Amino acid sequence: AQSVTQLGSHVSVSEGALVLLRCNYSSSVPPYLFWYVQYPNQGLQLLLKYTTGATLVKGINGFEAEFKKSETSFHLTKPSAHMSDAAEYFCAVSLDRGSTLGRLYFGRGTQLTVWP
Amino acid sequence: GAGVSQSPRYKVAKRGQDVALRCDPISGHVSLFWYQQALGQGPEFLTYFQNEAQLDKSGLPSDRFFAERPEGSVSTLKIQRTQQEDSAVYLCASNDGRNTEAFFGQGTRLTVV
């Protein structure tokens, strides 16, 4: 069975501080990995993804994530938080390793609060 | 269209009513997914279409849930005899079939009272 675990349902940081959102997955094969952001009353927006190649991937809004196969992790980081980063963040995996998208398995989400 | 459009945005249904939720994917996108997002949870897969073919419906929670995409474009998710546990946000996503990016709609929030 495959699962996605996001440690910490709520994370609070001060503006300018490092953001670290944790994601671990359980899968019999290395999956494709994604981070999505969801603002209130909005759909999910892709932040970044890892499929193959370089294990450190950069996304939009200054976010990046590193795929660590030995740790089965794909933690999301941003060096300096901005007020506009306050949102819910979802880690997701896909077991379909083709050129197109398969079904996604999502974690439960982490609500990020940024204090001024 | 410019993005994935879902309607209605909000739906309140009395227990036992049937509801139909609509998804207009991005024009030309061959893949379409439906997800259910309960309060405080991540989205959970319901079903997947490639063009008009429903290739995976393993996530549909019961036979009260039915989805169709007859012409390979607009899709409708129908829930019969709604129950309180059906209350959730229903998200639709589409993909062009050439890469791994999904574009999500804003969702339909269904409340069953």
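*Asks:* How should I be thinking about the interface of chain B and chain A in this particular structure?
*Replies:* By a frequent convention, interface size equals the accessible area lost on bringing the separate parts together. Of the residues lining the interface, 24 residues belong to chain B; the matching set on chain A comes to 22 residues. For the pairing of chain B and chain A, the buried interface totals around 1800 Å² over both sides, and the portion due to carbon and sulfur atoms is 51%. Broken down residue by residue, the surface that chain B buries against chain A is led by Pro43(B), Thr100(B) and Phe104(B), which jointly contribute 31%. Summed over the shared surface of chain B and chain A, the result is zero salt bridges. The tally of links between chain B and chain A comes to six residue pairs in polar contact (both at pLDDT 80 or more). Secondary structure elements with two or more residues in the side of chain B that touches chain A: strand S4 (31-37) and strand S9 (88-95) of chain B. Top contributing element to the side of chain B that touches chain A by residue count: S4(B), with three residues. Tallied by class, the residues present in the side of chain B that touches chain A amount to eight nonpolar, eleven polar and five charged.

*Asks:* How should I be thinking about the environment of Leu44(A) in this particular structure?
*Replies:* Following the sequence through the fold, Leu44(A) ends up in strand S6 (residues 44-50). Classification of Leu44(A) by relative accessible area gives buried; the value is 5%. The contacts of Leu44(A), once residues within four sequence positions are left out, are Tyr36(A), Val37(A), Gln38(A), Phe90(A), Phe106(A), Pro43(B), Leu91(B), Phe104(B) and Gly105(B).

*Asks:* What am I meant to see in the nonpolar core here?
*Replies:* Side chains of a nonpolar character, in soluble globular proteins, are inclined to be buried together. With 27 residues, the main nonpolar core has Trp35(A), Leu47(A), Leu48(A), Phe74(A), Leu76(A) and Tyr89(A) as its most contacted residues. Every element with two or more residues in this core is listed here: strand S2 (10-14), strand S3 (19-21), strand S5 (32-38), S6, strand S8 (64-68), strand S9 (73-78), strand S10 (87-94) and strand S12 (110-115) of chain A. By residue number, the principal contributor to this core is S10(A), which donates four residues. For Leu47(A), the residues in contact, after removing those within four places along its chain, are Trp35(A), Tyr36(A), Val37(A), Gly59(A), Ile60(A), Asn61(A), Phe63(A), Leu76(A) and Tyr89(A). Formed by 20 residues, the second largest nonpolar core is a distinct cluster that contains Val4(B), Ile26(B), Trp34(B) and Leu46(B).

*Asks:* Explain the state of the cysteines here, please?
*Replies:* Each disulfide consists of one covalent bond between the sulfur atoms belonging to two cysteines. Residues and elements named next belong to chain A. Summed over the entire model, instances satisfying the criterion amount to two disulfides over all chains. With a sulfur-sulfur separation of 1.9 Å, Cys23 is cross-linked through a disulfide to Cys91. Here Cys23 and Cys91 share a disulfide; its torsion about the S-S bond, -65°, makes the bridge left-handed. Note that Cys23 is positioned in the loop between S3 and strand S4 (24-26) and Cys91 in strand S10, a separation of 68 residues in sequence.

*Asks:* Got a minute to help me understand the sheet that holds strand S1 (residues 5-7) of chain B in this structure?
*Replies:* Residues and elements named next belong to chain B. Reading across from one edge, S1-S3-S8-S7 is the order of the four strands in this open sheet, with antiparallel pairing throughout. Whereas interior strands pair on both sides, the edge strands pair on one side only; in this sheet they are S1 and strand S7 (65-68). Taking each pair of neighbouring strands and ignoring which way they run, the sheet shows an average axis angle of 15°. With five bridges connecting them, strand S3 (residues 19-24) and strand S8 (residues 75-79) associate as antiparallel partners. Among the inter-strand pairings, Arg22 is bridged to a residue of S8, identified as Thr76.

Rules used throughout
Residues numbered from 1 in each chain as written. Chains lettered and ligands numbered in written order. Predicted model: local features only at pLDDT ≥ 70, side-chain atom pairs only at ≥ 80, totals over all residues. Heavy atoms only, no water. Contact = heavy atoms within 4.5 Å. Buried area = accessible area lost by both parts, 1.4 Å probe. Salt bridge = Lys/Arg side-chain N within 4 Å of Asp/Glu carboxyl O. Polar contact = N/O pair within 3.5 Å; in protein donor to acceptor, adjacent residues only side chain to side chain. Helix = DSSP H or I, 4+ residues; strand = E, 2+ residues; numbered from the N terminus. Nonpolar A, V, L, I, M, F, W, Y, C, P; charged D, E, K, R; others polar. Buried < 20%, exposed > 50% of the residue type's maximum accessible area, 1.4 Å probe, protein only. Core = buried A, V, L, I, M, F, W, Y, C linked by side-chain atoms within 4.5 Å. Disulfide = S-S within 2.5 Å. Pairing = 2+ DSSP bridges. Axes fitted to C-alpha atoms, helices over the stretch in contact; angles between N-to-C directions.

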